[in-house]
Amino acid sequence: MQAQSGQEWQLTNTTINHALDNNDNFSMDDKYLAVDTRETYGGGIGNGTMILKVDVYSGVETLVYAPQPVIVDPVNMAPGLGAASFSPWLTKSS
């Protein structure tokens, strides 16, 4: 699924929205994109229901975080996960 240099290709095909923040979208090893699902069930970032990472070579989506219960309400938005991004610093794994 990897594109040739300079070519564009569609990475995902699922019906949920995949929103990119304006910074730190790629993991430090450039293998993953951090995405949130705002606008899938209602307007605005407040109705985001999941944070995902997407493998840029295979398009495989991995759930990183999804609070329970999910509440989708355009007046009283929740859970309001916000914009997903990767940390620009290395962290120690335990």
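A short tour of the structure in this document, coming up. (Residues numbered from 1 in each chain as written. Predicted model: local features only at pLDDT ≥ 70, side-chain atom pairs only at ≥ 80, totals over all residues. Heavy atoms only, no water.)

**A closer look at the overall build of the protein chain**
Turning to step 1, where the next piece is worked out: Per the secondary structure count, the protein chain includes zero helices and three strands.
Turning to step 2, where the next piece is worked out: In sequence order, the protein chain lays out its α and β elements as β-β-β.
Turning to step 3, where the next piece is worked out: For the protein chain, buried positions account for 29% of its 94 residues.
Turning to step 4, where the next piece is worked out: Total accessible area computed for the protein chain in this model is approximately 6400 Å², and 51% of it derives from carbon and sulfur atoms. (Helix = DSSP H or I, 4+ residues; strand = E, 2+ residues; numbered from the N terminus. Buried < 20%, exposed > 50% of the residue type's maximum accessible area, 1.4 Å probe, protein only. Areas by Shrake-Rupley, 256 points an atom, 1.4 Å probe, with all protein chains shown as cover.)

**Examining the packing of aromatic side chains**
Turning to step 1, where the next piece is worked out: Enumeration according to the criterion identifies zero aromatic pairs in this entry.
Turning to step 2, where the next piece is worked out: Seen from the ring of Y32, K53 lies directly overhead, with NZ or CZ sitting 4.3 Å from the centre. (Phe/Tyr/Trp six-rings, centres within 6.5 Å; stacked < 30°, edge-to-face > 60°. Lys NZ or Arg CZ within 6 Å of the ring centre and 35° of its normal.)

**Looking at the side chain of D36**
Turning to step 1, where the next piece is worked out: Turning to its location among the elements, D36 is positioned in strand β1 (residues 32–36).
Turning to step 2, where the next piece is worked out: A relative accessible area of 2% means that D36 is categorised as buried.
Turning to step 3, where the next piece is worked out: Side-chain polar atoms of D36 contact the backbone nitrogen of A84, separated by 3.3 Å.
Turning to step 4, where the next piece is worked out: What D36 contacts, discounting residues up to four positions off in sequence, is N17, H18, A19, M50, I51, G82, A83 and A84. (Polar contact = N/O pair within 3.5 Å; in protein donor to acceptor, adjacent residues only side chain to side chain. Contact = heavy atoms within 4.5 Å.)

**A few points about the sheet that holds β1**
Turning to step 1, where the next piece is worked out: Judged by pairing direction, the sheet is antiparallel, and its three strands sit side by side in the order β1-β2-β3 without closing on themselves. Looking at strand neighbours, the two that pair on one side only are β1 and β3 (61–65), the edges of this open sheet. With direction set aside, neighbouring strand axes in the sheet form an average angle of 30°.
Turning to step 2, where the next piece is worked out: Two elements, strand β2 (residues 51–55) and β3, share four bridges in a ladder whose sense is antiparallel. Residue pairing across strands places I51 opposite Y65, the latter belonging to β3. (Pairing = 2+ DSSP bridges. Axes fitted to C-alpha atoms, helices over the stretch in contact; angles between N-to-C directions.)

**Some words on unusual backbone geometry**
Turning to step 1, where the next piece is worked out: Non-glycine residue D24 carries a positive phi angle of around 50°.
Turning to step 2, where the next piece is worked out: Mapped onto the elements, D24 comes out in the segment before β1.
Turning to step 3, where the next piece is worked out: Exposure remark for D24: the relative accessible area of 36% places this residue in the partly exposed category.

What is shown is where atoms sit, not what they do.
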